Amino acid sequence: MAATRTFSIIKPDATRRNLTGAVTKMLEEAGLRVVASKRIRMSRQQAEGFYAVHKERPFFEDLVAFMISGPVVVQVLEGEDAVARNRKVMGATNPANADEGTIRKAYAESIEANSVHGSDSEENAATEIAFFFKPDEIVG
Ligand code: ADP
Ligand code: MG
């Protein structure tokens, strides 16, 4: 199977606790390769745009406030079946339901401050990658 790409964010709860390396190590050990990475402070406009699919959800305002509360690390990950591979190592949205060996089981603080984002489909991965990266910033 050919390598595919997905989009990841190391969220503010994880950067605050200096877990960028620890989270990235788990991604790499799961067979994913970081082919683009940058540490940014998201603007409110970026966070609202990125999470627009959730704007009717009751947690939307809190989620946006959380995502702009500190730096994040946006990454493009490459690997075999990258979207599913990343979702598997991330673990369930609510860390209380996350399996052993997953990033959220190891590090998430709550259902909101859950350390990582990962695209949920190939189509969304392409959209999310293009939201944060120019093609020449991705080096496979
Ligand atoms: P995932 O990140 O696992 O794909 P969703 O796409 O459903 O989960 O939600 C996006 C993000 O919104 C979650 O990662 C989490 O930070 C936040 N979130 C989801 N559900 C809740 C909730 N019930 N209460 C607070 N925050 C939530
Ligand atoms: Mg999601």
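Please refer to the structure higher up on the page.
Everything in this summary refers to the structure shown in the same document. All figures in this text were calculated on a predicted structure; none of them were measured in a lab.

1. Notes on the pairing of strand β3 (residues 72–80)
Stage number 1. The buried count for β3 comes to eight of nine residues, which makes it a mostly enclosed element.
Stage number 2. Across eight bridges, the pairing between strand β1 (residues 3–10) and β3 is antiparallel. The residue of β3 that forms the bridge with S8 is Q75.
Stage number 3. Note that strand β2 (residues 33–40) and β3 share seven bridges and pair antiparallel. Bridge pairing in β3 places A36 opposite V76.

2. A look at the pairing of β1
Stage number 1. Of all the eight residues making up β1, six are buried; the element is thus mostly covered by neighbouring parts of the structure.
Stage number 2. As paired elements, β1 and strand β4 (residues 116–118) share three bridges and run antiparallel to each other. Residue pairing in the sheet places I9 in a bridge with H117 of β4.

3. Thoughts on the packing of aromatic side chains
One pair of aromatic rings is described through two measures. These are the centre distance and the angle between the planes.
Stage number 1. Applying the stated rule across the entire model yields six aromatic pairs.
Stage number 2. Relative to Y51, the ring of F50 lies with its centre 5.0 Å away and its plane at 80°, an arrangement referred to as edge-to-face.
Stage number 3. Residue classification places Y51 among the buried positions, given a relative accessible area of 5%.
Stage number 4. Centre to centre, the rings of F50 and F132 are 5.6 Å apart; their planes meet at 55°, and the pair counts as tilted. Taken together, the residues F50 in helix α3 (residues 44–50) and F132 in helix α7 (residues 122–132) connect sequence positions 82 residues apart.
Stage number 5. Each member of the aromatic cluster is reached from another via a ring pair, and the members are F7, F50, Y51, F131 and F132.
Stage number 6. The ring of F133 has K38 lying over it, and the distance from NZ or CZ to the ring centre is 4.7 Å.

The rules behind each value
- Residues numbered from 1 in each chain as written.
- Chains lettered and ligands numbered in written order.
- Predicted model: local features only at pLDDT ≥ 70, side-chain atom pairs only at ≥ 80, totals over all residues.
- Heavy atoms only, no water.
- Buried < 20%, exposed > 50% of the residue type's maximum accessible area, 1.4 Å probe, protein only.
- Helix = DSSP H or I, 4+ residues; strand = E, 2+ residues; numbered from the N terminus.
- Pairing = 2+ DSSP bridges.
- Phe/Tyr/Trp six-rings, centres within 6.5 Å; stacked < 30°, edge-to-face > 60°.
- Lys NZ or Arg CZ within 6 Å of the ring centre and 35° of its normal.

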